[in-house]
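Observations on chain architecture
The chain contents come next:
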Amino acid sequence: MGVKIKKNRKYRIMVVLCAGLALASMAIFYHFHPTFPFPFSCAVYEFTGLYCPGCGAGRACRAILQFRFVEAFCYNPVFVILLPFIGLYFAVRMVDWVITGGNHVDKKISVTLLIVVLVLVLLFGALRNIPVYPFTLLAPGGLAEVLP
């Protein structure tokens with residue numbers, strides 16, 4: 001089956017459409033059922049009591065699906081800023097895969113840019129755990145004190 005998908009564009013189109021349909025149906029479900037429990041919790045926070053760089057991203061996703069962008073930014077500002085770029089990467093990557101059957105996108109992304117983003121995300125994760133006033137704003141929901 002793997003060889004068939006690699007060689008046949010129709011199969012690749014079907015795979016991408018099915019994955020997109022699954023994501024869209026999940027987004028619609030969470031949009032219309034805002035009180036339904038989100039299935040994930042942060043393992044880092046559960047075991048250590050420290051916020052990881054991704055803490056609050058699930059609540060931010062839910063807020064985005066409810067069109068509450070300021071609330072999403074309060075939960076995890078780095079995630080909200082990076083989300084459009086991540087979405088664009090996956091969209092371009094899937095179009096490239098459907099058209100060519102290969103991966104030509106990753107070769108175009110600068111390694112330096114990826115290292116800078118990684119360092120910034122790790123720095124954000126470290127700073128949000130400092131229990132002093134300006135850094136407490138980086139904890140999930142911390143910006144709600146300042147933003148409307």
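The rules behind these values
Residues numbered from 1 in each chain as written. Predicted model: local features only at pLDDT ≥ 70, side-chain atom pairs only at ≥ 80, totals over all residues. Heavy atoms only, no water. Helix = DSSP H or I, 4+ residues; strand = E, 2+ residues; numbered from the N terminus. Rg over C-alpha atoms; globule rule 2.2 N^0.38 Å. Axes fitted to C-alpha atoms, helices over the stretch in contact; angles between N-to-C directions. Parallel < 35°, antiparallel > 145°, perpendicular 65-115°, else oblique. Contact = heavy atoms within 4.5 Å. Nonpolar A, V, L, I, M, F, W, Y, C, P; charged D, E, K, R; others polar. Core = buried A, V, L, I, M, F, W, Y, C linked by side-chain atoms within 4.5 Å. Buried < 20%, exposed > 50% of the residue type's maximum accessible area, 1.4 Å probe, protein only. Salt bridge = Lys/Arg side-chain N within 4 Å of Asp/Glu carboxyl O. pLDDT = per-residue confidence, 0-100. Patch = residues over 30% accessible without salt bridge, like charges linked within 9 Å, V, L, I, M, F, W, Y side chains within 5 Å. Areas by Shrake-Rupley, 256 points an atom, 1.4 Å probe, with all protein chains shown as cover. Phe/Tyr/Trp six-rings, centres within 6.5 Å; stacked < 30°, edge-to-face > 60°. Expected span 1.5 Å × (residues − 1). Polar contact = N/O pair within 3.5 Å; in protein donor to acceptor, adjacent residues only side chain to side chain.

Quick word on the overall build of the chain
Check the secondary structure of the chain and you find eight helices and zero strands. Listed N to C, the secondary structure of the chain is α-α-α-α-α-α-α-α in terms of helices and strands. Its C-alpha atoms give the chain a radius of gyration of 18 Å, more than 25% over the compact-globule value 15 Å for 148 residues. Summarising its shape, the C-alpha atoms of the chain cover approximately 55 × 40 × 30 Å along the three principal directions.

Points about the packing of helix H2 (residues 9-32) against helix H6 (residues 77-100)
At their nearest, the axes of H2 and H6 sit 8 Å apart, and the two run at 155° to each other. Judged by the angle between their axes, H2 and H6 are roughly antiparallel. For the pair H2 and H6, the contacting residues are Arg-9, Arg-12, Ile-13, Val-15 and Val-16 in the first and Met-94, Trp-97, Val-98, Ile-99 and Thr-100 in the second. Tallied by class, the residues present in the contact of H2 with H6 amount to seven nonpolar, one polar and two charged.

What about the nonpolar core?
One finds Ala-57, Ala-60, Ala-63, Ile-64, Ala-72, Tyr-75, Phe-79 and Val-80 forming the largest nonpolar core, which totals eight residues. Counting residues per element, the ones that place at least two in this core are helix H4 (57-65), helix H5 (69-75) and H6. Residues in contact with Ala-63, not counting those within four places in the same chain, are Arg-68, Glu-71 and Ala-72.

Let's talk about the pattern of salt bridges
Tallying each qualifying case throughout the model produces one salt bridge. The shortest N-O distance in the salt bridge between Arg-68 and Glu-71 comes to 2.6 Å. Given a relative accessible area of 35%, Arg-68 falls into the partly exposed group.

A short note on the packing of H6 against helix H7 (residues 111-127)
It is the contact of H6 with H7, at a shortest axis distance of 10 Å, that shows an interaxial angle of 155°. The angle between the axes of H6 and H7 places the two elements in the roughly antiparallel class. From H6, Pro-77, Val-78 and Leu-82 reach across to H7, where they touch Val-117, Val-121 and Phe-124. Per-class residue counts for the contact of H6 with H7 are six nonpolar, no polar and no charged.

Quick look at the confidence of the model for the chain
Per-chain confidence: the chain averages 90 in pLDDT, with 94% of residues scoring 70 or above. Across the chain, H7 holds the top mean pLDDT of 96, while helix H1 (residues 2-7) sits lowest at 62.

Comments concerning a nonpolar patch on the surface
On the surface, Val-70, Ile-130, Val-132, Tyr-133, Val-146 and Leu-147 cluster together to form a nonpolar patch covering roughly 510 Å² of accessible area. When you line up the elements, Ile-130 lands in the loop between H7 and helix H8 (133-136). Ile-130 gets classed as partly exposed once you look at its relative accessible area, which sits at 31%.

Concerning the packing of aromatic side chains
Under the definition given, this model contains four aromatic pairs. A centroid spacing of 5.1 Å and a plane angle of 5° characterise the contact between Tyr-45 and Tyr-51, whose relative ring orientation is stacked. Judged by relative accessible area, which is 27%, Tyr-51 ranks as partly exposed.

Quick look at H7
The end-to-end C-alpha separation of H7 is 24 Å, in line with the 24 Å expected for 17 residues at 1.5 Å each. A side-chain oxygen of the first residue of H7 lies 3.2 Å from the backbone nitrogen of Thr-112; this N-cap is Ser-110.

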